[in-house]
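Chains, contacts and geometry: an overview
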Amino acid sequence: MDRPTGSQGKIPPRRAKQGQIISVASGKGGVGKTFMSITLASAFAQAGQRTLLVDGDLGLANVDVQLGIAPETDLAAVIAGWIELEDAVINVDGGAGQGGFDVLPGRSGSGALAELSSEEVARLAAGLSALALQYDKVVLDLGAGIEANCMRLARASDRAMMVITDDPSSMTDGYAFIKVLRGYAPDVEQGIIINQANTRAMGQQTYEAIARACKQFLGFRPPLAGIVMRDEKVREAIRSQRTLISTDPSAQPVQDAIAIAQTLIGAPPGEDLHC
């Protein structure tokens, strides 16, 4: 459909095995992290994966804005103790297991969650891990940068996908995130998504520059999850508050994101990604 529809609804039944939590991170803003999170969640859902998208940008949430939905409640209400975590979940396009996915929204246009204590963030992370028992995939859209609460949420992930462009500051800040997370939570599998690439070759060059630095100074080489091509259709979709995967599923960025999602579905934690 042209515009995602959201409603408060039920979540899938609890399972014996926790679904995989995949955080999507960036060293700086403006690199397409939230678009990537939304598109990956949509791609997982289309592949039959019961998927929850969590707006984990505690300083400036905007998943609901990009989706064009108006949630009745959000994470701020959960933190305040007014509702339980699962009661804040919204079903988008039918919800998880029904052709769509679920969303746990933040509070857009507000920094209300940015100053949470470490204990509050730890409780939130534990709650997300418990909620993952109802899903195959949980996509956690983190805030940009290496702020402490962002790293605490990243530590709760099975995998962390770093979104990087060829902008020098994106590369530098992306490397900083990889370094901090490696020291903070070495068990979290890391991967790199090169976004807004002008050509495949240029995207590969950007990846190789980051991978070499990681190998030389950190002793490991984060695998390439995929390269997503630059396309003006992405900006148009964001401005119109529509998901590109629903309005133009043949668009190259969508096909690139679908390929990444398929790779992540087929690669459990502990195995390298291959694209």
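Conventions used here
Residues numbered from 1 in each chain as written. Predicted model: local features only at pLDDT ≥ 70, side-chain atom pairs only at ≥ 80, totals over all residues. Heavy atoms only, no water. 1 Å grid on protein atoms, 1.4 Å probe; cavity = no way out; pocket = protein on both sides within 12 Å on 5 of 7 lines; lining within 4 Å. Points joined across faces, edges and corners; volume = space filled by probe spheres on them. Helix = DSSP H or I, 4+ residues; strand = E, 2+ residues; numbered from the N terminus. Nonpolar A, V, L, I, M, F, W, Y, C, P; charged D, E, K, R; others polar. pLDDT = per-residue confidence, 0-100. Buried < 20%, exposed > 50% of the residue type's maximum accessible area, 1.4 Å probe, protein only. Contact = heavy atoms within 4.5 Å.

Within an unreviewed UniProt entry, the label attached to the chain reads MinD/ParA family protein, and the organism entered is Henriciella mobilis.

The volume enclosed by the largest pocket comes to roughly 490 Å³. Along its surface, the largest pocket is lined by 22 residues, and Gly30, Val31, Gly32, Gln196 and Ile238 are the ones closest to its centre. Mapped by element, the contributors of at least two residues to the lining of the largest pocket are α1 (33–46), β8 (189–197), β9 (224–229) and α8 (232–239). Split into classes, the residues belonging to the lining of the largest pocket amount to eight nonpolar, eight polar and six charged. Put simply, the second largest pocket is a space of about 270 Å³.

Here the focus is the confidence of the model for the chain. Mean pLDDT for the chain: 88, with 88% of residues reaching 70 or above. Looking over the chain, one finds the lowest element-wise mean pLDDT in strand β1 (residues 6–8), namely 55, and the highest in helix α7 (residues 200–218), namely 98.

Let us look at the environment of Val163. Inspection of the secondary structure puts Val163 in strand β7 (residues 159–164). For Val163, a relative accessible area of 0% gives the class buried. Taking C-alpha positions, Val163 is 7.1 Å from Val24, a pair spaced 139 residues apart along the chain. Residues contacting Val163, with those up to four places away along its chain left out, are Val24, Ala25, Ser26, Val31, Lys33, Met36, Ser170, Ile193 and Asn195.

Before going further, it helps to spend a moment on empty space enclosed by the protein. Counted according to the given criterion, the structure contains three cavities of 30 Å³ or more. There is about 60 Å³ of room inside the largest cavity. Considering the residues around the largest cavity, the lining is formed by Phe35, Ile38, Thr39, Gln66, Ala237, Ile238, Arg242, Thr243 and Leu244. At the level of secondary structure, the elements contributing two or more residues to the lining of the largest cavity comprise α1 and α8. Considering every element that reaches the lining of the largest cavity, the biggest residue donor is α1, with three residues. Counted as a void, the second largest cavity has a volume near 40 Å³. Lining the second largest cavity, in full, are Thr165, Asp166, Ile194, Asn195, Gln196, Ala197, Asn198, Met202, Gly203 and Thr206. Elements with a contribution of two residues or more to the lining of the second largest cavity: β8 and α7. Examining the composition of the lining of the second largest cavity, we find that four residues originate from one element, β8, more than from any other.

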